[in-house]
Amino acid sequence: SSTSIGKITKIFITHLHGDHFFGLPGLLCTLSLQSNPDPNKPPVEIYGPVGLWSFIWRSMELSHSQLLFPYVVHELVPTRDQCPAEEFKELAYLDRDEEVSPQGARGRILHLDPGENSYLLLEDEQLVLKAFRLFHRIPSFGFVVEEKPRPGKLNVQKLKDLGVQPGPLYGKLKTGSAVLLQNGMTISPSDVLEDPIPGRKICILGDCSGVVGDVAVKLCYEADILIHEATLDDTQEEKAREHGHSTPQMASNFAKRCKAKKLVLTHFSQRYKPAAQRGEGDADISQLKRQAESALDGQEVTLAEDFLTIEIPMKK
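Residues numbered from 1 in each chain as written. Predicted model: local features only at pLDDT ≥ 70, side-chain atom pairs only at ≥ 80, totals over all residues. Heavy atoms only, no water.

A. Structural detail: the pairing of strand 5 (residues 119-123). As paired strands, strand 5 and strand 6 (residues 127-135) are joined by four bridges and run antiparallel to one another. Bridging from a neighbouring strand, Leu120 pairs with Lys130 of strand 6. (Pairing = 2+ DSSP bridges. Helix = DSSP H or I, 4+ residues; strand = E, 2+ residues; numbered from the N terminus.)

B. Quick peek at the sheet that holds strand 1 (residues 10-12). Spatially, 1-2-3-4 is the arrangement adopted by the four strands of the open sheet, whose pairing is parallel. Of all the strands in the sheet, just strand 1 and strand 4 (104-110) have a single pairing partner and so form its edges. The mean inter-strand angle of the sheet, taken between neighbouring strand axes irrespective of direction, is 20°. Bridge count between strand 3 (residues 71-76) and strand 4: five bridges; the pairing is parallel. The residue of strand 4 that forms the bridge with Val73 is Arg106. Strand contacts of helix 3 (residues 52-62): strand 2 (44-49), strand 3 and strand 4, with the helix running at about 145° to strand 3, the strand carrying the most contacts. (Axes fitted to C-alpha atoms, helices over the stretch in contact; angles between N-to-C directions. Contact = heavy atoms within 4.5 Å.)

C. View of the pattern of salt bridges. According to the stated counting rule, one finds eleven salt bridges in the structure shown. The shortest N-O distance in the salt bridge between Lys256 and Asp297 comes to 3.9 Å. Placement of the pair is Lys256 in helix 9 (residues 248-258) and Asp297 in the loop between helix 10 (286-295) and strand 16 (301-303), with a sequence separation of 41 residues. For Asp297, a relative accessible area of 65% corresponds to the exposed category. Linking Arg278 and Asp284 is a salt bridge whose minimum nitrogen-to-oxygen distance equals 3.4 Å. Via salt bridges that share partners, Asp224, Lys261 and Lys315 belong to a single interconnected network. (Salt bridge = Lys/Arg side-chain N within 4 Å of Asp/Glu carboxyl O. Buried < 20%, exposed > 50% of the residue type's maximum accessible area, 1.4 Å probe, protein only.)

D. Structural context of helix 2 (residues 24-33). Listed in full, the buried residues belonging to helix 2 are Leu24, Pro25, Leu28, Leu31 and Ser32. Each buried residue of helix 2 sits inside an arc of 120° when the element is viewed along its axis, so together they form one side. (Arc of directions from axis to C-beta.)

E. Representation of the domain arrangement of the protein. One can read the domain layout of the protein as domain 1 (1-111), domain 2 (117-148 + 197-315) and domain 3 (156-191). Here the C-alpha centre of domain 2 lies 24 Å away from the C-alpha centre of domain 1. Each partner contributes to the interface: domain 1 provides 25 residues, whereas domain 2 provides 21 residues. Viewed at the interface, domain 2 and domain 1 are joined by one salt bridge. Among the ionic pairs, Arg133 bridges to Asp81, the shortest N-O distance being 3.3 Å. Here domain 1 and domain 2 share eleven residue pairs in polar contact (both at pLDDT 80 or more) between them. If you list the elements that add at least two residues to the side of domain 1 that touches domain 2, you get strand 1, helix 1 (18-21), strand 2 and strand 4. The class makeup of the residues in the side of domain 1 that touches domain 2 is twelve nonpolar, eight polar and five charged. (Domains from an automatic or database assignment. Polar contact = N/O pair within 3.5 Å; in protein donor to acceptor, adjacent residues only side chain to side chain. Nonpolar A, V, L, I, M, F, W, Y, C, P; charged D, E, K, R; others polar.)

F. Examining the UniProt feature "domain: Metallo-beta-lactamase" (unreviewed entry) in the protein more closely. Under the feature "domain: Metallo-beta-lactamase" (unreviewed entry), the UniProt entry names residues 197-268. Its end C-alpha atoms 36 Å apart, residues 197-268 is made of 31% helix and 22% strand. (UniProt positions renumbered as here; feature names shortened; annotations may be inferred.)

G. Representation of the nonpolar core. In this structure, Phe132, Leu205, Cys220, Leu226, Phe254, Leu263 and Leu265 are the most contacted members of the largest nonpolar core, which totals 32 residues. Where this core is concerned, the elements lending two or more residues are strand 6, strand 10 (201-205), helix 7 (215-219), helix 9, strand 13 (263-266), helix 10 and strand 16. In this structure, Leu52, Trp57, Met60 and Phe69 belong to the second largest nonpolar core, which totals 19 residues. (Core = buried A, V, L, I, M, F, W, Y, C linked by side-chain atoms within 4.5 Å.)

H. Region of interest: the pairing of strand 10. With burial as the criterion, only one face of strand 10 is covered, namely that bearing Lys201, Cys203 and Leu205; the residues Ile202 and Ile204 on the opposite face remain uncovered. Sheet topology places strand 10 next to strand 12 (residues 225-229); three bridges connect them, and they run parallel. Bridge pairing in strand 12 links Ile204 to Ile227.

I. The arrangement of the packing of helix 2 against helix 3 in detail. Where helix 2 contacts helix 3, the two axes come as close as 10 Å, and the packing angle between them is 60°. The angle between helix 2 and helix 3 falls in the class oblique. The chirality of how helix 2 crosses helix 3 is right-handed. Here Leu24, Pro25, Leu28 and Cys29 of helix 2 come into contact with helix 3, specifically with Leu52, Phe55, Ile56, Ser59 and Met60. (Parallel < 35°, antiparallel > 145°, perpendicular 65-115°, else oblique. Left-handed = near helix turned anticlockwise from the far one by under 90°.)

J. Up close: helix 3. When you tally the buried positions in helix 3, you get eight out of eleven residues, the bulk of the element. Among all positions of helix 3, only Leu52, Trp53, Ser54, Phe55, Ile56, Trp57, Ser59 and Met60 are buried. Note on helix 3: the residue one or two positions beyond its end, His64, has a positive phi of about 55°.

Here it is as structure tokens:
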């Protein structure tokens, strides 16, 4: 990957199936190998379902792995309607009395906000990150990363008409502060700022055959990028649902409900391969793209591949 591993500060795990989190201890050890000891370095924050801290702690303990940086694990508490009743396991009790690792601290235990019907993971001056519930064979989650709106453009002509010349007052208004002029007039940012510029939004769904509740559509509404699994093709929908997975049409239907601007399909069964790699019994992966685009009335769909990079330009 072109991304520097040292820039990783947060890791998000959608669900506790091996193909989605068994690589995490190795990633943490690789991070450590490329790190320099720094007592002031903030911990790497890891978010995922309840049980994740126990898995990481046990992996580090049993392998005698010593990391050169601290980490903290924030665990999401799922609800029983995120998987078949017989598959739901109550894991909140895991290792509550175990010795806490000096490197890996327990973070927050995140419960579903009944009012918002989602999980607020983090919020700062620039962005908000939330999780929402998905239905799978075991509880799974989707994540929404959304930039906060940026202030609109200053109406310079209006400011000049009010007798305000370019200078520090422009900066205060741009950052949302009202200013008091020498003549006693107060100018509020709303008086001279154009409409806020919407931020970008990325939505990533873990393995699922659907969402739980209707908040997911609201959270993913008009997403710039919607990443959705499509494990099997449309002719295999019954089998896909049986195993808690989706097809291109199922993914496209959700994208249409959200009015997503770009759909990216991922998590393909090994039976689907590009033409150059197909062997006996393999299916053409391009059929997944065609099926999704057909369901989206011709809107272009992207098939994910390792290290794919998609640029999302800033909105103007």
